[in-house]
Amino acid sequence: MAAQETEATQQSTVSNGEVSSNGAAASDQVVQTDATAQDPQQQPQQQQQQPNAWQVIKGVLFRIFIIWAISSWFRRGPSTPDPNTPAGAPRVPSRNLFPKDTLMDLYVYISENEVFSDFNNTEALFWFQRDLVYGDWTTGEAGDGCYEHYQELDTPESVQQNGSLYIHVYFTKSGFHPDPKRKGQYRRLATVHTTRMMNKFKRRKFLKTKNLLTGETEADPEMIKRAESHGPVEIISHWHPNLTINMVDDHTAWVKGSVPPPLDQHVKFDAVSGDYYPIVYFNDYWNLQKDYYPINDTLKTLPLRLTYCPLSLWRWQLYAAQNARSPWNFLGEDTYEQSDEDQDSVKVALLETNPYLLGLTIVVSIVHSIFEFLAFKNDIQFWNSRQSLEGLSVRSIIFGVFQSLVVLLYILDNETNFVVQVSVFIGLLIDFWKITKVMDVRLDRENKIAGIFPRLVFKDKSTYVESSTKIYDDMAFKYLSWLLYPLFGCYAVYSLIYVEHKGWYSWVLSMLYGFLLTFGFITMTPQLFINYKMKSVAHLPWRMLTYKALNTFIDDLFAFVIKMPMMYRIGCLRDDVVFFIYLYQRWIYRVDPNRVNEFGTSGMDHSKENSAQAAEGETAAPAAITDKPEEEKKND
């Protein structure tokens, strides 16, 4: 069995939990490395799918919500009394241990040890910057308060073997030293220290695929050997040559225990004085995943460009919100954390998209979400209150259940994000619920399966069988099968001959999913045929169709503005064609009072009732509205 390699996007957990964002677009500062930085195996890369535009936009909207939540925390009332203090007295606000314009020195050490104590090792000292001014925004090479240092590090042998490399950053007030052993030169309240891991561990998965007919594969033989020796998942250390060290210019009177999350992860209080240390923030937000490269035996040096910059409190809140943990994270980081590629798509959209277009995208995406909710709401209301199935394609509803089931099994087989799995599963449950609305479902307890389980019995509703709808529906699917079956057979043969799969089960799922994705829109045409035969469209849920059509038009707009796969663009366009046919049918099949509407009534019923009431009005007073039957009240 052969293997093809795809790189997973999970990120290793840093011991100090300070993997965060970047103050400047570091993608413009990426250091170009030579060919030795590449993986020696030269594995074939699978064609990366373009990120979905709405995933990008929803990610941005989620972060906006986090920022709003943080702001609401700041607008809270006074802190609650501390039960540990005498008489429940409120906590005393603290102050920054480094006042404004404090003169300080920067020490940066690089070590293989997470806990650093070798201050006398001159080789470990990567950068020493004297006389930095806390909160100064005018000094530096560019006059923005930023300083930069670049150096190439010799790659330790342990790091080449998937070891870790740590950076230790110390800020001391001018004249002090970070080494606690130096008497008279070290002071605890004059030293700020933080540490983080420099390299990032990523998962590389080996998917064992092959041609099911020949048993051959196009995977690199070296990758096959690595899959056999390392197993289906390999943990590989990666390196990025840029990192920004931000010191937050903040003098807020924080209260210990009342700092809102996620900011509380970065504000550190002194246990004795109760004051807090300046906030040092490792900022790698703009370090895109595509700029990371694996560390291996051929990589002899590690280029590193460090940048020191002051950071305002407002921008720090934005970066902290961007780095906030997902609310799904309690279910497991490996399964529910948003992938690094999705994070990158948001960053690329922020970097490369025109600001006006980006603002328009956010506004339109909010409108899209509203329309999507309204379409879902009206769809549920339509089927919940439907009394007659005349003019509706029941077979299309049944086929929709099959389509949703195939999609769910496919994403489960390909280990898709858990949130996507939940949304598809909920959609499948709704489709099952629709079955109970279009068919009579009951349990047959007399003819049990294997003599144990009751048998489910499905029967067409009388309003569907007695009308001509069932005849037209069967006729439409018969004509449709003449087109679908040959296409299905050709696609199955193509997938079996030219595409590699993990096994026969994966081939069946991928073949069905690919076919439904390509030709699934054809299943919308039976309803068009029924409308044509009945010369009416009054039975359709037009509110739901209108909202879905508006969403499709929005998809069309961004499918051609934002970079997307061509098949996605074609899919949006063909859905538009079907909806325009619906609109054309609504125009040519004018309102007919004899036709039954979506509530199961017609205009003639009301006209007869009105004429009857008028005739009775000559001899008796008209009946009050409260005397009407319950069904008429609902219709009114």
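Residues numbered from 1 in each chain as written. Predicted model: local features only at pLDDT ≥ 70, side-chain atom pairs only at ≥ 80, totals over all residues. Heavy atoms only, no water.

## Section: the packing of aromatic side chains
Part 1 of the reasoning: According to the stated counting rule, one finds 19 aromatic pairs in the structure shown.
Part 2 of the reasoning: Summarising the aromatic geometry, the rings of Y109 and F119 are spaced 5.5 Å apart at their centres and angled 90° between planes, so their arrangement reads as edge-to-face. Of this pair, Y109 sits in strand β2 (residues 103–111) while F119 is found in the loop between β2 and β3 (125–133), placing the two residues 10 residues apart along the sequence. Just as Y109 is buried, F119 falls in that class too.
Part 3 of the reasoning: Arranged with centres 6.0 Å apart and planes meeting at 80°, the rings of Y109 and Y170 form a pair that is edge-to-face. One end of the pair, Y109, is in strand β2; the other, Y170, is in strand β5 (residues 166–173), with 61 residues separating them in the sequence.
Part 4 of the reasoning: According to the relative accessible area criterion, Y109 is buried, its value standing at 2%. (Phe/Tyr/Trp six-rings, centres within 6.5 Å; stacked < 30°, edge-to-face > 60°. Helix = DSSP H or I, 4+ residues; strand = E, 2+ residues; numbered from the N terminus. Buried < 20%, exposed > 50% of the residue type's maximum accessible area, 1.4 Å probe, protein only.)

## Section: the state of the cysteines
Part 1 of the reasoning: Taken as a whole and judged by the stated rule, the model has one disulfide.
Part 2 of the reasoning: The disulfide bridge from C146 ends at C309, spanning 1.9 Å between sulfur atoms. Between C146 and C309 the sulfur-sulfur dihedral comes to about 125°; the bridge is accordingly right-handed. Here the residue C146 occupies a position in the loop between β3 and β4 (147–154), and C309 occupies one in strand β12 (residues 301–312), the gap between them amounting to 163 residues.
Part 3 of the reasoning: Judged by its relative accessible area of 12%, C309 falls in the buried class. (Disulfide = S-S within 2.5 Å.)

## Here we look at the nonpolar core
Part 1 of the reasoning: Ranked by internal contacts, the top residues of the largest apolar core, which has 33 residues, are V108, I167, F171, L306 and Y308.
Part 2 of the reasoning: Listed by contribution, the elements that provide at least two residues to this core are β2, β3, β4, β5, β9 (242–249), β10 (280–283) and β12.
Part 3 of the reasoning: If sequence neighbours within four positions are ignored, V108 has contacts with A124, L125, F126, W127, I167, H168, V169, I245 and L306.
Part 4 of the reasoning: The next biggest cluster of nonpolar side chains, apart from the first, holds 27 residues, and it includes W383, L540, M544 and A549. (Core = buried A, V, L, I, M, F, W, Y, C linked by side-chain atoms within 4.5 Å. Contact = heavy atoms within 4.5 Å.)

## Quick word on the packing of helix α8 (residues 394–413) against helix α12 (residues 504–519)
Part 1 of the reasoning: Relative to each other, α8 and α12 sit at 130°, their axes nearing to 9 Å. One element, α8, and the other, α12, form an angle in the oblique class. Note that α8 runs across α12; the crossing there is left-handed. When α8 is examined against α12, the residues F399, F402, Q403, V406, V407, L409, Y410 and D413 are found in contact with a partner set consisting of Y505, S506, L509, S510, L512, Y513 and L516.
Part 2 of the reasoning: Its residues placed into classes, the contact of α8 with α12 shows 11 nonpolar, three polar and one charged. (Axes fitted to C-alpha atoms, helices over the stretch in contact; angles between N-to-C directions. Parallel < 35°, antiparallel > 145°, perpendicular 65-115°, else oblique. Left-handed = near helix turned anticlockwise from the far one by under 90°. Nonpolar A, V, L, I, M, F, W, Y, C, P; charged D, E, K, R; others polar.)

## What to know about the sheet that holds β2
Part 1 of the reasoning: Strand order in the open sheet formed by four strands is β3-β2-β5-β6, and the pairing between neighbours is antiparallel. The outermost strands of the open sheet, each flanked by one partner alone, are β3 and β6 (191–197). The mean angle between the axes of side-by-side strands here comes to 15°, regardless of whether they run parallel or antiparallel.
Part 2 of the reasoning: With eight bridges connecting them, β2 and β5 associate as antiparallel partners. Across the sheet, residue M104 finds its bridge partner in β5, namely K173. (Pairing = 2+ DSSP bridges.)

## Some remarks on the pairing of β12
Part 1 of the reasoning: Most of β12 is tucked away: nine of the 12 residues are buried.
Part 2 of the reasoning: In the sheet, β4 pairs with β12 via eight bridges, with the strands oriented antiparallel. Within β12, the position partnered with D154 by the bridge is T301.
Part 3 of the reasoning: Sheet analysis places β9 next to β12, joined by eight bridges and oriented parallel. Within the sheet, the bridge partner assigned to V248 lies in β12 and is L311.

## What about the confidence of the model for the protein chain?
For residues with low pLDDT, the predicted coordinates do not support detailed interpretation.
Part 1 of the reasoning: Averaged over the protein chain, the pLDDT score is 75; the fraction of residues at 70 or greater is 70%.
Part 2 of the reasoning: Contacts of residues 74–89 to residues separated by more than four positions or lying in other chains number 15 contacts, the stretch itself having pLDDT below 50.
Part 3 of the reasoning: pLDDT under 50 marks residues 616–628. Its contacts with residues more than four places away, or in other chains, come to four contacts. (pLDDT = per-residue confidence, 0-100.)

## Digging into the packing of helix α11 (residues 469–498) against α12
Part 1 of the reasoning: Across the interface, α11 lies against α12 with an axial gap of 10 Å and an inter-helix angle of 135°. In this view, α11 runs oblique relative to α12, as classed from their interaxial angle. Along this stretch, α11 crosses α12, giving a crossing that reads as right-handed. Of the residues in α12, those touching α11 at L484, L487, F488, Y491, A492, S495 and L496 are W504, W507, M511, L512, G514, F515 and F519.
Part 2 of the reasoning: For the contact of α11 with α12, the residue count by class is 12 nonpolar, two polar and no charged.

## Observations regarding the pattern of salt bridges
Part 1 of the reasoning: Scanning the model with the defined rule gives 11 salt bridges in all.
Part 2 of the reasoning: Residue R305 pairs with E148 through a salt bridge whose shortest N-O separation is 2.8 Å. One end of the pair, R305, is in strand β12; the other, E148, is in strand β4, and 157 residues separate them in sequence.
Part 3 of the reasoning: Across the pair R188 and D270 runs a salt bridge, and its minimum N-O distance is 2.2 Å. Of this pair, R188 sits in the loop between β5 and β6 while D270 sits in the loop between β9 and β10, and the two are 82 residues apart along the sequence.
Part 4 of the reasoning: For D270, a relative accessible area of 4% gives the class buried. (Salt bridge = Lys/Arg side-chain N within 4 Å of Asp/Glu carboxyl O.)

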